[in-house]
Amino acid sequence: MPEPEGRAAARDPAPATAAPAGTQPDEAERLRDLLRTPAYQKALLLSALLGVPVSLAAFWFLAALHELEHLMWAELPARLGWGIPPWWWPLPLLAVAGVAVGLVVKHLPGAGGHIPAAGLNAKGTTPAALPGVILAAVVSLPLGATLGPEAPLIALGGGLALLLAELMRSLKTPQGSALLGAAGAAAALAAIFGNPLAAAVILIEMAGVGGPQLFAVMLPALLSSGIGALVFTGFGRWTGLSTGNLSLTLGVPIPRLDAGDVLWSVVMAVGIAVALHRVRATGRRAAGLVSGRPITGTVICALAAGACAAVYTLAVGRSPADVASSGQALLARMAEEPHSWGVGALVAVLLCKGVAYGLCLGSLRGGPIFPALFFGAAVGVLVAPLPGLGVAPGMAAGMAAAAAAMLQLPVSSVVLVVLVLRSEEVIPVVIIASVVAFVTVQLLPAGRPVPPAVGRKGAT
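As the structure is a prediction and not an experimental result, all values here were calculated from the model.

Rules used throughout
Residues numbered from 1 in each chain as written. Predicted model: local features only at pLDDT ≥ 70, side-chain atom pairs only at ≥ 80, totals over all residues. Heavy atoms only, no water. Helix = DSSP H or I, 4+ residues; strand = E, 2+ residues; numbered from the N terminus. Buried < 20%, exposed > 50% of the residue type's maximum accessible area, 1.4 Å probe, protein only. Contact = heavy atoms within 4.5 Å. Areas by Shrake-Rupley, 256 points an atom, 1.4 Å probe, with all protein chains shown as cover. Core = buried A, V, L, I, M, F, W, Y, C linked by side-chain atoms within 4.5 Å. Patch = residues over 30% accessible without salt bridge, like charges linked within 9 Å, V, L, I, M, F, W, Y side chains within 5 Å. Salt bridge = Lys/Arg side-chain N within 4 Å of Asp/Glu carboxyl O. Axes fitted to C-alpha atoms, helices over the stretch in contact; angles between N-to-C directions. Parallel < 35°, antiparallel > 145°, perpendicular 65-115°, else oblique. Left-handed = near helix turned anticlockwise from the far one by under 90°. Nonpolar A, V, L, I, M, F, W, Y, C, P; charged D, E, K, R; others polar.

A count of helical and extended segments in the protein chain gives 17 helices and zero strands. Counting all 460 residues of the protein chain, 47% fall into the buried class. Of the contacts formed within the protein chain by residues at least 6 apart in sequence, a portion of 79% connects residues at least 24 apart. Carbon together with sulfur atoms contributes 68% to the accessible area of the protein chain, which is approximately 22000 Å² in total.

Once that is clear, we can look at the nonpolar core. Membership of the largest hydrophobic core comes to 114 residues, with the highest contact counts inside it found for Phe193, Leu276 and Leu373. Not counting residues within four places of it along the chain, the set of residues in contact with Leu276 comprises Tyr357, Phe375, Ala402, Ala405 and Met406. In this structure, Leu50, Ala161, Leu162 and Leu180 belong to the second largest nonpolar core, which totals six residues.

It is worth spelling out a nonpolar patch on the surface at this point. Together, Leu80, Trp82, Trp87, Trp88 and Leu314 make up an exposed nonpolar region whose accessible area comes to about 520 Å². Here Trp87 lies in the loop between α3 (38-79) and α4 (90-107). On the accessibility criterion, Trp87 (39% relative accessible area) is partly exposed.

This paragraph deals with the environment of Lys353. Structurally, Lys353 is set in helix α13 (residues 343-361). Taking the C-alpha atoms as reference points, Lys353 and Phe374, separated by 21 residues in sequence, lie 9.6 Å from one another. Excluding its chain neighbours within four sequence positions, the residues that come into contact with Lys353 are Thr146, Asp322, Val323, Ser325, Ser326, Gly327, Ala348 and Phe374.

Summed over the entire model, instances satisfying the criterion amount to three salt bridges. Its salt-bridge partner being Arg32, residue Glu29 comes within 2.7 Å of it at the nearest N-O pair. With Glu29 and Arg32 both in helix α2 (residues 24-36) and three residues apart, this pair spans about one turn of that helix. A relative accessible area of 33% means that Glu29 is categorised as partly exposed.

So, on to the packing of helix α10 (residues 259-292) against α13. Any two packed helices are characterised by how steeply their axes cross, that is the angle between the axes, and by the distance between the axes. At a minimum axis distance of 6 Å, the contact between α10 and α13 shows a crossing angle of 40°. Here α10 lies oblique to α13, going by the angle between them. Crossing of α10 against α13: the hand is right-handed. Between α10 and α13, the residues in contact are Leu276, Val279, Thr282, Gly283 and Ala286 and Gly354, Tyr357, Gly358, Leu359 and Leu361, respectively. Its residues assigned to classes, the contact of α10 with α13 shows six nonpolar, four polar and no charged.

Put into structure tokens, the structure is as follows:
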């Protein structure tokens with residue numbers, strides 16, 4: 001008696017209907033097998049344990065940078081009788097930074113870490129390179145480099161995780177090394193952004209999981225979601241109807257977006273992307289100068305960046321620290337009092353800080369995120385009086401466009417700006433500006449590659 005068709009199908013694997021190799025069921029089974037392996041479970045436990053010392057090291061590293069920067073740019077000028085540092089103040093400080101970083105690049109393994117003009121680097125730093133990375137950051141950032149602390153933090157977290165794993169004799173394979181290095185970098189990066197989600201997203205996107213195909217699929221989805229959110233929320237306001245959704249209402253005023261905000265965001269994103277593309281090109285040229293003459297070239301670039309800060313102070317009478325800093329503290333003050341900046345001061349800080357940013361990207365050591373965020377915010381404040389635009393949407397779109405243009409990580413840029421601003425209302429323009437800036441940069445000429453920084457033992 002023939003069996004019923006359904007029972008026969010249940011007994012027979014039915015090759016004709018089975019999922020082809022490499023499809024989602026196979027990948028899901030591979031993931032389950034991986035999670036069952038003792039080696040991976042041990043790696044997860046070790047990552048959790050490493051988070052404690054890495055986070056403590058990141059805390060003290062950031063605290064030391066903050067105290068040194070305050071000493072150099074606030075306490076010392078005040079003790080010498082100046083309300084703000086004089087115009088020439090950045091020149092000797094950055095000259096010292098240039099000499100010290102040049103010596104680190106020439107004589108210490110790891111060359112002080114990767115060159116910021118090349119973007120963020122997800123690779124874990126070897127324990128042998130850690131002293132040079134820390135020293136280069138400590139002499140660059142407090143002494144006036146127009147860079148942020150995130151790249152040294154990534155290197156510190158990854159290198160410290162690898163060092164601790166070696167001491168615990170838990171590092172046995174290259175895969176394990178990469179896994180623990182990424183875990184340490186994420187733990188350290190969360191310290192500067194104050195949010196583990198931003199750190200995780202940045203590390204995932206930096207690692208290039210999925211390759212170019214991921215960006216090809218992700219960009220239309222990201223852009224469509226931003227447009228859809230704008231239309232959906234706008235249509236709800238126009239009709240007065242509610243569909244019901246899972247959301248929380250904050251007890252603070254939130255700006256309402258309109259068509260003007262969106263249109264200006266697109267224009268801003270293109271302009272910011274082109275401008276920061278030129279900044280990166282300046283960084284590449286500076287890196288080329290430094291690669292042949294690590295000490296002389298670094299000093300020349302550092303002094304030129306200091307001259308930008310001096311010109312800014314002579315032009316507008318504000319502190320040279322506005323230019324010779326990461327911009328993190330300045331960004332917070334600008335967000336609190338955007339109308340305290342005149343047009344002349346905004347134009348001057350954008351021009352001077354942009355040039356100094358490019359020079360430091362190719363010569364000193366630090367990260368590219370915070371100066372880019374400040375650059376975008378300053379552009380947003382500058383163009384906020386345009387018809388149909390506002391300060392909050394302008395700053396949000398400018399920061400997202402600048403982050404995406406400089407980092408070339410569109411999803412990370414969206415997550416970072418939204419978490420920093422803590423406003424869901426600006427998400428549509430943040431998404432649109434991030435995607436437009438990313439696409440614009442990709443369509444521009446790539447430019448010359450950044451030469452590697454070669455240390456005493458050839459470690460990059």
